[in-house]
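Coordinate inspection notes
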Amino acid sequence: MTVTEPAPVHAPVPPLAARTRSIGGSPVRDILAVTARPEVINFAGGLPAPELFDAEGIAAAYAAVLAEAPERALQYSTTEGEPALRTALAERTSARGLPTAADDILVTTGSQQALSLLATALLEPGDTVLVESPCYLAALQAFGLAGARVLPVPGDADGVDPQALEELVVRERPKLFYTVPTFQNPTGRTMPARRRAAVAAVAARRGLWIIEDDPYGELRFEGERVPWIAAHEEAGDRVVLLGSFSKVMAPGLRLGWLRAPGELRRACTVAKQAADLHTPTPNQLAAARYLADRDLDAHVARVAAVYRDRRDAMLAGLADALPEGSAWDRPEGGMFLWARLPESYDTTALLPRVVRQEVAYVPGAPFYAGDPDRATLRLCFVTQTPEEIGEGLRRLGEGLRA
């Protein structure tokens with residue numbers, strides 16, 4: 001008697017987590033993948049100018065670390081970060097008006113990881129997060145992956161409206177408010193000192209965490225530096241300050257940090273242990289050595305001078321490139337310029353036509369947590385030379401008129 005074997009069963013694997021299915025990828029990354037050809041003048045990416053990296057100084061720092069302390073540089077490190085780097089970061093922060101000890105700082109693998117750790121430490125699925133409108137894209141991703149309900153706070157050219165912020169806090173009971181108050185991504189705007197004080201007062205009065213992200217603050221071209229929200233004493237126990245070397249030293253180092261009150265910082269440390277144990281030791285030690293041996297402030301001043309010229313080149317060419325009736329601001333620093341075309345324009349729909357002219361921007365719509373303004377776009381002015389910017393704007397104008 002012949003026994004027939006049952007047909008093999010190939011059952012499907014369990015589905016992906018709902019949060020990964022509901023949150024899309026970064027539109028900026030998608031645009032960069034499409035426009036990676038060298039002939040494309042790319043105003044889309046937030047990429048520092050690679051020719052301005054201090055490659056010699058960074059290489060010397062790595063060489064010294066690996067020659068003098070290879071056993072330490074190639075070994076596991078503490079989750080909190082290398083003491084030499086945390087001490088240097090604390091000293092830089094204190095020198096800028098916010099007294100800070102090394103133990104106040106957690107070194108992260110880029111400041112983007114700091115956002116992810118804070119979302120893990122602070123948010124339960126369904127918690128409410130308040131953000132600027134428009135807002136840094138990757139922050140929207142981080143909060144969305146945490147299952148948060150993300151709501152925009154109305155504002156103007158000076159940033160969020162403190163009264164609107166307070167009304168939303170009272171009505172929605174959010175866990176935190178996220179802001180990039182200096183040379184904001186995507187708009188380039190800077191929140192004035194008086195408004196920062198008002199935001200700090202709302203957090204103190206209503207019970208609210210503030211995440212103050214400052215990756216661009218050192219890239220100032222003109223005007224006076226505005227103190228951090230974290231420097232306001234009344235909100236000092238509820239403001240987390242994020243920093244990064246990506247825009248002032250090199251993004252490939254993937255070195256960021258957060259300065260946070262003790263209990264929250266310890267919770268982020270536990271979350272980091274689950275994520276990557278610690279940020280790469282050679283990178284941390286090389287950065288600490290660089291800070292000890294080189295003048296980072298002088299390097300940043302040289303970079304900012306070049307970026308200022310590139311900003312000016314973009315500002316000079318925008319009137320001819322954009323349709324009549326467009327508007328834009330003059331950022332005092334940073335990397336980005338935000339423009340709004342007339343109401344009838346949809347920058348998302350126009351992008352393929354513009355890319356055919358071998359130039360690219362980022363449409364404004366993905367930067368909004370609420371209803372988007374589809375006539376907006378973001379331009380990065382630091383990666384190309386003034387001559388390339390002029391040609392890129394000529395192509396942009398042709399694409400928009402096509």
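Shown above is the structure to which this text applies.
Quantities reported herein were computed from a predicted structural model and do not represent experimental measurements.

A few points about the overall build of the protein chain
In terms of regular secondary structure, the protein chain is built from 14 helices and 15 strands. Against the 2.2 N^0.38 benchmark of 21 Å for 402 residues, the protein chain shows a C-alpha radius of gyration of 23 Å, consistent with a compact globule. Overall, the C-alpha framework of the protein chain stretches about 85 × 60 × 50 Å when taken along its three principal axes. Out of the 402 residues in the protein chain, the part that is buried amounts to 53%. The contacts of the protein chain with a sequence gap of at least 6 include a subset with a gap of at least 24, amounting to 74%.

Digging into the packing of aromatic side chains
According to the stated counting rule, one finds six aromatic pairs in the structure shown. Pairing Tyr216 with Phe336 gives two aromatic rings, centres 5.7 Å apart and planes at 85°, and the pair type is edge-to-face. Here Tyr216, found in the loop between strand S8 (209-213) and strand S9 (239-244), pairs with Phe336, found in strand S12 (residues 336-340); they are 120 residues apart in sequence, far enough to count as distant. Each member of the pair, Tyr216 together with Phe336, is buried. An angle of 50° between the planes, with centres 6.3 Å apart, marks the rings of Trp338 and Tyr368 as tilted. Of this pair, Trp338 sits in strand S12 while Tyr368 is found in the loop between strand S14 (362-363) and strand S15 (376-380), placing the two residues 30 residues apart along the sequence. For Tyr368, a relative accessible area of 14% corresponds to the buried category. We note Arg225 situated over the ring of Trp228; from NZ or CZ to the ring centre the distance is 4.6 Å.

Describing unusual backbone geometry
The residue after Ser133, namely Pro134, is reached through a cis peptide bond having omega 0°. When you line up the elements, Pro134 lands in the loop between strand S3 (128-131) and helix H7 (137-145). Here the bond from Asn185 into Pro186 is cis, since omega is 20°, no more than 30 degrees from zero. One can find Pro186 in the loop between strand S7 (176-179) and helix H9 (193-206). Backbone geometry places Phe183, a non-glycine residue, at a positive phi of 55°. Phi is positive for Leu277, which is not a glycine, with a value near 65°.

Concerning helix H11 (residues 281-293)
For an α-helix the count is 3.6 residues per turn, leaving residues at separations of three or four pointing the same way. With 13 residues, H11 should cover 18 Å at 1.5 Å per step; its first-to-last C-alpha distance of 18 Å lies within 8% of that length. Among the residues of H11, Thr281, Asn283, Gln284, Leu285, Ala286, Ala287, Ala288, Tyr290 and Leu291 are the ones counted as buried. Looking at the buried positions of H11, the neighbouring elements they touch are helix H3 (55-68), helix H4 (70-73), helix H5 (83-95), strand S2 (105-108) and helix H12 (296-321).

A word on the packing of H5 against H11
Running from N to C, H5 and H11 cross one another at 45°; their axes reach a closest spacing of 8 Å. In terms of their interaxial angle, H5 and H11 are classed as oblique. Handedness of the crossing formed by H5 with H11: left-handed. For the pair H5 and H11, contact is made by Ala84, Leu85, Ala88 and Arg92 and by Gln284, Ala287, Ala288 and Leu291, respectively. Here the residues of the contact of H5 with H11 are counted per class, giving six nonpolar, one polar and one charged.

A closer look at the pattern of salt bridges
Scanning all chains against the criterion turns up 27 salt bridges. With a shortest N-O distance of 3.6 Å, Glu218 and Arg96 are connected by a salt bridge. Taken together, the residues span a long stretch of sequence, with Glu218 in the loop between S8 and S9 and Arg96 in the loop between H5 and S2 at a distance of 122 residues. For Glu218, a relative accessible area of 30% puts it in the partly exposed group.

Quick look at the pairing of S3
Looking along a regular strand, one sees the side chains alternate between the two faces of the sheet. Of the two faces of S3, the one carrying Thr128 and Leu130 and the one carrying Val129 and Val131 are both buried. Summarising the sheet, S3 and strand S4 (residues 149-152) pair through four bridges and their orientation is parallel. Note that in S4 the partner of Val131 across the bridge is Pro152. Crossover S3 to S4 through H7 is right-handed. The pairing of S3 with S7 spans three bridges and is classified as parallel. By the bridge assignment, Val129 is partnered in S7 with Leu176.

Observations concerning the nonpolar core
Counting residues in hydrophobic clusters, the biggest one holds 96 residues, and the most contacted among them are Phe143, Tyr178 and Phe245. If we skip the residues at most four places from it in the chain, Phe143 touches Leu115, Ala119, Leu123, Val129, Val131, Ala148, Val150, Leu176, Tyr178 and Ile211. Formed by 23 residues, the second largest nonpolar core is a distinct cluster that contains Leu130, Leu165, Phe177 and Ala200.

Examining helix H13 (residues 347-355)
All buried positions along H13 are accounted for by Thr347, Leu350, Leu351, Val354 and Val355. End-on view of H13: buried residues confined to an arc of 135°, all on one side of the axis. The distance from a side-chain oxygen at the start of H13 to the backbone nitrogen of Thr348 is 3.0 Å, and the residue carrying that oxygen is Asp346.

What counts as what
Residues numbered from 1 in each chain as written. Predicted model: local features only at pLDDT ≥ 70, side-chain atom pairs only at ≥ 80, totals over all residues. Heavy atoms only, no water. Helix = DSSP H or I, 4+ residues; strand = E, 2+ residues; numbered from the N terminus. Rg over C-alpha atoms; globule rule 2.2 N^0.38 Å. Buried < 20%, exposed > 50% of the residue type's maximum accessible area, 1.4 Å probe, protein only. Contact = heavy atoms within 4.5 Å. Phe/Tyr/Trp six-rings, centres within 6.5 Å; stacked < 30°, edge-to-face > 60°. Lys NZ or Arg CZ within 6 Å of the ring centre and 35° of its normal. Expected span 1.5 Å × (residues − 1). Axes fitted to C-alpha atoms, helices over the stretch in contact; angles between N-to-C directions. Parallel < 35°, antiparallel > 145°, perpendicular 65-115°, else oblique. Left-handed = near helix turned anticlockwise from the far one by under 90°. Nonpolar A, V, L, I, M, F, W, Y, C, P; charged D, E, K, R; others polar. Salt bridge = Lys/Arg side-chain N within 4 Å of Asp/Glu carboxyl O. Pairing = 2+ DSSP bridges. Right-handed = clockwise from strand over helix to strand, strands pointing away. Core = buried A, V, L, I, M, F, W, Y, C linked by side-chain atoms within 4.5 Å. Arc of directions from axis to C-beta. Polar contact = N/O pair within 3.5 Å; in protein donor to acceptor, adjacent residues only side chain to side chain.

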